Amino acid sequence: MTDPAEVRAASPRALPLILQAIGLGLFAGLFGVVYLVAVGAVTELMWGDEPVTTGWFSGDIAVVVIPIVFGLVVGLIYRVFKLPPRFPSFIEDLQEGVVEPKTAPGVLGIAFLSLISGPSLGPEGPMATAGGAAGTWLARRKGMGREGVSRLTFVGVSGAFGGLLSTPIGGPLLAFELEHDQTNSYYYLNIVPGVIAGAVSFGIMYPVLGAPFLGLLSMPPVEFGSWMLIAAVGLGCVGALVALVVGKVLLVSVQLFKPLDCRPLIRGLVGGGLVALLGFIMPLTLFSGQTTLPVVLDEWQLVGVVSLLALALLKTVALGISLGSGFYGGPIFPMFFIGGTVGVAIHALIPDIPLGLAVGATMAALGAAVALLPLSMAVITAIMIQSGLEAFGAVALASITAYAIRLAVSQSRKGDLQKSAEAPPGEFVAGGPNS
């Protein structure tokens, strides 16, 4: 129950926050327009139309040359400007409650080169960095303490996502699902200003960019039946299983590149070369997936189930290489591509499961299990597939199912490790090493 005294105490602080939220929303919207238009223009200049062929080994010379050249350029930037070998993801930034303004220009530059050159990364990373860094800078300029810095960082990221995701609640919901305090004032001092910033940002970006993710995936409408809730649980289990594979590939990829962190030129060359190799094998592994997943949905009957699953695996490897080799961007949209492709394969195997349900539920489930953001992933997926209210319930159920499985697996592993540590010498505990 809301504490009236806590609400009254929060109100005086909420009024200045509204003005600050409007300012951060204006910045996020203007930055988003300039940055995304520039990314799109340079990408089109370099590539023409992005490679969207579904044929195997159909990459052209640009697919081979561009990622290698830009891998070297990215490595050179790391070396010349003495940048840290790795930047935190926007989820880590939100959890820390700060996006360092001094490193933000380097992050945004690396991200720009990454987005235009083919690595499997999305625009959500640099957008969150820009909004969060603006919030951190403003809070410090106002002399705020750690709590104030964390709050305005939250609002800045919310503004960035409000414009990018075409919904003012997308950013606040995503940030809200991460670790935060549980006081009633959190709603008034974080969520409300975050929604305001998101709405302002969306209002600026919409006239120029439209709503790029609203209805991105054109699919037949889902005629809802109660049995689909049971199917959604099964799809959530599939999403959780795929998430285990994705998580393992990402972990291994980052670990394999770690010895090269002190040699950014070699790391960039190797990473760009591997991105080029995967792009030559299957061009659909390039870029974030927001323009290539619709191709999969249009041509899946020509691709086949085995090729769809192979494509999902290659996209996972491409995401791991892109993150591990020094490129920068967001992992969420590539994961949507992976989940959506697996969903198409499920529909191909079991045609009675509607395409919209299979794709939407698996996309949301994979994102929820990897990023631990079940409600955000369900809402973003619903925006992309324009699901009806009933179908959204099934998508949300799949997302929460995968999230619950991920938590259960994590708790089980923690328990096994603890038992291993407590076991007498020489006693083996399943799932853990000898003590």
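### Considerations on the overall build of the protein chain
In step 1: Within the protein chain, the regular secondary structure consists of 16 helices and 0 strands.
In step 2: Relative to its 435 residues, the protein chain shows a buried fraction of 53%.
In step 3: In the protein chain, once contacts between residues fewer than 6 apart in sequence are set aside, the share between residues at least 24 apart is 80%.
In step 4: Approximately 18700 Å² of the protein chain is accessible, and the part contributed by carbon and sulfur atoms is 67%.

### Overview of a nonpolar patch on the surface
In step 1: A surface patch of nonpolar side chains, about 670 Å² in accessible area, is lined by Trp-56, Phe-57, Ile-61, Val-64, Val-65, Val-69, Val-73 and Phe-280.
In step 2: Considering each element in turn, the nonpolar patch owes the most residues, 5 residues, to helix α2 (residues 61–80).
In step 3: Its place among the elements puts Ile-61 in helix α2.

### Observations concerning the pattern of salt bridges
In step 1: Summed over the entire model, instances satisfying the criterion amount to 4 salt bridges.
In step 2: Across the pair Arg-140 and Glu-100 runs a salt bridge whose closest N-O atoms are separated by 3.1 Å. In this pair, Arg-140 is assigned in helix α5 (residues 124–141) and Glu-100 in the loop between α3 (90–96) and α4 (104–117), connecting sequence segments 40 residues apart.
In step 3: Arg-140 gets classed as partly exposed once you look at its relative accessible area, which sits at 42%.
In step 4: Taking the relative accessible area as the measure of exposure, Glu-100 reaches 30% and is therefore partly exposed.

### Thoughts on the packing of aromatic side chains
In step 1: Scanning the model with the defined rule gives 9 aromatic pairs in all.
In step 2: Measuring from ring centre to ring centre gives 6.0 Å for Phe-27 and Phe-31, while their planes differ by 20 degrees; the resulting arrangement is stacked. Here Phe-27 and its partner Phe-31 are both found in helix α1 (residues 4–47), 4 residues apart, which amounts to about one turn of the helix.
In step 3: On the basis of relative accessibility, which here comes to 37%, the residue Phe-27 falls in the partly exposed class.
In step 4: Of the aromatic side chains, those joined through ring pairs into one cluster are Phe-27, Phe-31, Tyr-35 and Phe-112.
In step 5: Over the face of the ring belonging to Tyr-78 we find Arg-267, whose NZ or CZ atom lies 4.8 Å from the ring centre.
In step 6: Geometry around Phe-337 places Lys-315 over its ring, the cationic atom sitting 5.0 Å from the centre.

Rules used in this analysis
- Residues numbered from 1 in each chain as written.
- Predicted model: local features only at pLDDT ≥ 70, side-chain atom pairs only at ≥ 80, totals over all residues.
- Heavy atoms only, no water.
- Helix = DSSP H or I, 4+ residues; strand = E, 2+ residues; numbered from the N terminus.
- Buried < 20%, exposed > 50% of the residue type's maximum accessible area, 1.4 Å probe, protein only.
- Contact = heavy atoms within 4.5 Å.
- Areas by Shrake-Rupley, 256 points an atom, 1.4 Å probe, with all protein chains shown as cover.
- Patch = residues over 30% accessible without salt bridge, like charges linked within 9 Å, V, L, I, M, F, W, Y side chains within 5 Å.
- Salt bridge = Lys/Arg side-chain N within 4 Å of Asp/Glu carboxyl O.
- Phe/Tyr/Trp six-rings, centres within 6.5 Å; stacked < 30°, edge-to-face > 60°.
- Lys NZ or Arg CZ within 6 Å of the ring centre and 35° of its normal.

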